[in-house]
Amino acid sequence: MTSVAENNVLTTKLQEVVAWGRKYSLWPMPFGTACCAIEFMGAVSSVFDISRFGAELVRFSPRQSDLMLVLGTINYKQAPILKKIYAQMCEPKWVVAVGACASCGGFYDNYAVVQGIDEIIPVDVFVSGCPPRPEQILLAIIKIQEKLEKQARGEVAVDKPKAQVHAD
Ligand code: SF4
């Protein structure tokens, strides 16, 4: 009886279970405004298969999402909308700025375009590229997973330090 118990019982800490659960059940919400949104469609397709990372349940409601992916150009008219939708997401939540436009305005260096969404909301991971490849979006998901695992374990504070995913 003792050996059966030894072979079938797994002991762990509560925060480890929470971290594991969160890591593989991200519910992404695409905030797509331009061409980078098409790359996200590639990332969720069967070829790149975002479900390998447990993030295939794409939601279009901020109430049901914990990961916002901003995909495209954000102008100042859209900025209050983005800010409001971010505020509607429950904690804990994470944000990825996908592509040059969302990260820094891209080549739209003009009066109308926000020069990086971190002017408006906290960003956890920036993905470079115009557009980035789907693999880079998947790498951003992995970086979010690593971060939330550390946060759930209490190894890092739930703040917003920045990570970058470059094209190479
Ligand atoms: S970074 Fe490039 S591909 Fe992405 S939205 Fe901007 S212009 Fe389009």
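Residues numbered from 1 in each chain as written. Predicted model: local features only at pLDDT ≥ 70, side-chain atom pairs only at ≥ 80, totals over all residues. Heavy atoms only, no water.

1. Thoughts on the overall build of the protein
Within the protein one finds six helices and five strands. Counting from the amino terminus, helix and strand elements in the protein follow one another as α-α-β-α-β-α-β-α-β-α-β. By its C-alpha atoms, the protein is 70 × 35 × 30 Å across when sized along the principal axes. Taken over 168 residues, the protein has a buried fraction of 42%. Expressed as a percentage of contacts within the protein between residues at least 6 apart in sequence, the contacts between residues at least 24 apart total 77%. (Helix = DSSP H or I, 4+ residues; strand = E, 2+ residues; numbered from the N terminus. Buried < 20%, exposed > 50% of the residue type's maximum accessible area, 1.4 Å probe, protein only. Contact = heavy atoms within 4.5 Å.)

2. Digging into helix H6 (residues 134-153)
An α-helical turn contains 3.6 residues, so a residue and the one three or four places further along point in the same direction. In this model, H6 (20 residues) spans 29 Å end to end at C-alpha, consistent with the 28 Å of a helix rising 1.5 Å per residue. Backbone geometry just after H6 places glycine 154 at a positive phi near 80°. (Expected span 1.5 Å × (residues − 1).)

3. Regarding the site of the ligand
In the neighbourhood of the ligand, the contacting residues comprise Ala34, Cys35, Cys36, Gly72, Ala100, Cys101, Phe107, Gly129, Cys130 and Pro131. Here the shell around the ligand is composed, by residue class, of eight nonpolar, two polar and no charged. (Near = heavy atom within 4 Å. Nonpolar A, V, L, I, M, F, W, Y, C, P; charged D, E, K, R; others polar.)

4. Topic: the packing of aromatic side chains
Within the structure shown, the criterion is met by two aromatic pairs. Residues tryptophan 20 and tyrosine 24 carry aromatic rings whose centres are separated by 6.4 Å and whose planes lie at 65° to one another, so their mutual orientation is edge-to-face. Cation over ring: lysine 93 sits above tyrosine 86, and NZ or CZ is 4.1 Å from the ring centre. (Phe/Tyr/Trp six-rings, centres within 6.5 Å; stacked < 30°, edge-to-face > 60°. Lys NZ or Arg CZ within 6 Å of the ring centre and 35° of its normal.)

5. Re the pattern of salt bridges
Evaluation of the coordinates by the stated rule reveals three salt bridges. Salt-bridge contacts for aspartate 124 lead to lysine 147; the nearest nitrogen and oxygen are separated by 2.5 Å. With aspartate 124 in the loop between helix H5 (99-104) and strand S4 (125-127) and lysine 147 in helix H6, the pair connects residues that are 23 residues apart, well separated along the chain. Lysine 147 shares its class with aspartate 124; the two are buried. The partner of glutamate 135 in a salt bridge is arginine 133, with the nearest N and O atoms 2.9 Å apart. (Salt bridge = Lys/Arg side-chain N within 4 Å of Asp/Glu carboxyl O.)

6. A few points about the nonpolar core
Ranked by size, the top nonpolar core spans 23 residues in total, and within it Leu26, Leu67, Leu69, Leu71, Val96, Ile141 and Ile144 carry the most contacts. Ranked by residues supplied to this core, first place goes to H6 with six residues. Sequence-distant contacts of leucine 26, that is, excluding residues within four places in its chain, are made with Gly54, Ala55, Asp66, Leu67, Trp94, Ile141, Ile144, Gln145 and Leu148. Counting 19 residues, the second largest nonpolar core, distinct from the first, contains Met29, Ala97, Ile121 and Phe126. (Core = buried A, V, L, I, M, F, W, Y, C linked by side-chain atoms within 4.5 Å.)

7. Section: the environment of leucine 139
Take leucine 139: it is sitting in helix H6. Given a relative accessible area of 38%, leucine 139 falls into the partly exposed group. Sequence separation of leucine 139 and valine 125 is 14 residues, and the distance between their C-alpha atoms is 9.8 Å.

8. Examining a nonpolar patch on the surface
A contiguous nonpolar patch, built from Ile38, Met41 and Val44 and spanning about 270 Å² of accessible area, is present on the exposed surface. Mapped onto the elements, methionine 41 comes out in helix H3 (residues 36-44). (Patch = residues over 30% accessible without salt bridge, like charges linked within 9 Å, V, L, I, M, F, W, Y side chains within 5 Å. Areas by Shrake-Rupley, 256 points an atom, 1.4 Å probe, with all protein chains shown as cover.)

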